[in-house]
Amino acid sequence: MHSVIVGGTRGIGREVVRLFSAQGHTVSVMGRRAPADADRRLPGTHFWAGDLTDERELVRLLGEIVSRNGELNSLVLLQRFKGEGDRWGGELATSLSATRTIVETLAGAFGGTGDRSIVLVSSVVGRFIAEGQPVGYHVAKAALGQMARYYAVELGPRGIRVNCVSPCTMVKEENRDFYSKNQDLNSLFKKIIPLGRMGTALETANVIAFLCSEKASFVTGQEILVDGGVSLLSQEALARKLTGL
Ligand SMILES: NC(=O)c1ccc[n+]([C@@H]2O[C@H](COP(=O)([O-])OP(=O)(O)OC[C@H]3O[C@@H](n4cnc5c(N)ncnc54)[C@H](OP(=O)(O)O)[C@@H]3O)[C@@H](O)[C@H]2O)c1
């Protein structure tokens with residue numbers, strides 16, 4: 001099994017890399033900065049550094065990955081824009097243009113047999129509004145759902161499934177301290193999330209791993225929200241939970 005994990009050096013992507021490495025995959029990890037030393041030593045993993053918004057460099061790196069590690073079984077895209085400058089252009093280039101280039105460049109590099117799967121990682125902000133996040137982030141995340149449906153139809157005849165995973169805010173290594181120190185926020189989350197707690201990066205990675213497994217062999221073009229049920233509540237229900245009325 002060969003899996004390419006774009007944005008696999010941090011957060012949720014790092015958990016996906018750890019899971020796939022533990023399952024014995026050959027894992028090609030892409031990101032700008034190198035992963036932590038411990039992650040660089042995970043069995044079967046190889047890291048490629050590059051900026052996904054440089055299209056020529058990106059296509060060159062993808063070619064190198066396939067020549068070194070061979071045909072693909074799964075491709076997971078987790079990158080999001082975290083840079084300087086124009087946020088609108090940056091979000092669209094990082095989330096959408098890079099995704100299109102990667103999917104279309106690698107579609108021909110999937111093996112002819114066995115499970116073949118692409119997962120695009122979006123967010124609940126593809127449907128809802130998170131004040132504080134820019135409009136480009138919302139638009140890019142909404143568009144990823146449509147890209148998953150488009151490519152599911154286009155790549156279905158080649159046996160490649162394409163799905164989308166949309167998490168809400170997750171606890172990951174980078175923000176664990178912040179949430180553990182802010183117990184007020186945690187108690188509010190406990191009140192409003194039907195499952196009574198925040199989710200973790202690993203729980204999102206587990207859904208991605210399911211979609212990249214034979215257990216999901218007839219699932220394509222779908223979006224799975226990973227949010228503990230919080231998006232199910234009406235404003236009335238939320239207001240009553242918070243006020244206790
Ligand atoms: N964490 C959450 O709570 C949450 C909630 C909802 C949705 N999501 C979505 O889940 C995905 C992962 O989130 P996360 O918080 O784990 O992300 P993260 O910690 O910000 O990691 C993003 C990854 O993408 C890479 N990346 C970003 N821009 C790149 C570029 N131009 N070229 C190459 N690599 C690039 C980063 O590498 P470098 O660091 O080297 O740039 C990193 O590996 C994102 O798409 C995010 O929108 C996350």
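Here is what the cut-offs are and how they apply
- Residues numbered from 1 in each chain as written.
- Predicted model: local features only at pLDDT ≥ 70, side-chain atom pairs only at ≥ 80, totals over all residues.
- Heavy atoms only, no water.
- Salt bridge = Lys/Arg side-chain N within 4 Å of Asp/Glu carboxyl O.
- Helix = DSSP H or I, 4+ residues; strand = E, 2+ residues; numbered from the N terminus.
- Buried < 20%, exposed > 50% of the residue type's maximum accessible area, 1.4 Å probe, protein only.
- Expected span 1.5 Å × (residues − 1).
- Bend = angle between axes of the 7 residues up to and from the residue.
- Contact = heavy atoms within 4.5 Å.
- Polar contact = N/O pair within 3.5 Å; in protein donor to acceptor, adjacent residues only side chain to side chain.

Novice: Can you break down the pattern of salt bridges residue by residue, with the values?
Specialist: Pairing between side chains becomes possible if they bear opposite charge and their charged atoms approach one another. Evaluation of the coordinates by the stated rule reveals 12 salt bridges. Between Glu-64 and Arg-60 there is a salt bridge; the shortest N-O distance is 2.5 Å. Of the two residues, Glu-64 and Arg-60 are both situated in helix α3 (residues 55-69); the distance of four residues between them amounts to about one turn of the helix. Given a relative accessible area of 36%, Glu-64 falls into the partly exposed group. Judged by its relative accessible area of 42%, Arg-60 is partly exposed. Here Arg-161 makes a salt bridge to Asp-115, at a shortest N to O gap of 2.8 Å. Here the residue Arg-161 occupies a position in strand β6 (residues 160-167), and Asp-115 occupies one in the loop between α4 (87-106) and β5 (116-121), the gap between them amounting to 46 residues. Using a relative accessible area of 11% as the deciding quantity, one classes Asp-115 as buried. Residues participating in the shared-partner salt-bridge network are Arg-14, Glu-15, Arg-18, Asp-39, Glu-173 and Glu-174.

Novice: Describe α4, naming the residues involved and giving the relevant values.
Specialist: Within an α-helix, residues lying three or four positions from one another point in the same direction, as the helix has 3.6 residues per turn. Taking 1.5 Å of rise per residue, the 20 residues of α4 would be expected to cover 28 Å, and the 27 Å separating its terminal C-alpha atoms lies within 8% of that figure. The largest bend along α4 measures about 35° and falls at Ala-93. Among the residues of α4, Gly-90, Glu-91, Thr-94, Ser-95, Leu-96, Ala-98, Thr-99, Thr-101, Ile-102, Val-103 and Leu-106 are the ones counted as buried. Elements that come into contact with the buried residues of α4 comprise β1 (2-6), α3, β4 (74-77), β5 and α5 (135-155). Regarding α4, its N-cap is Asp-86, as a side-chain oxygen of that residue lies 3.2 Å from the backbone nitrogen of Trp-88 further along.

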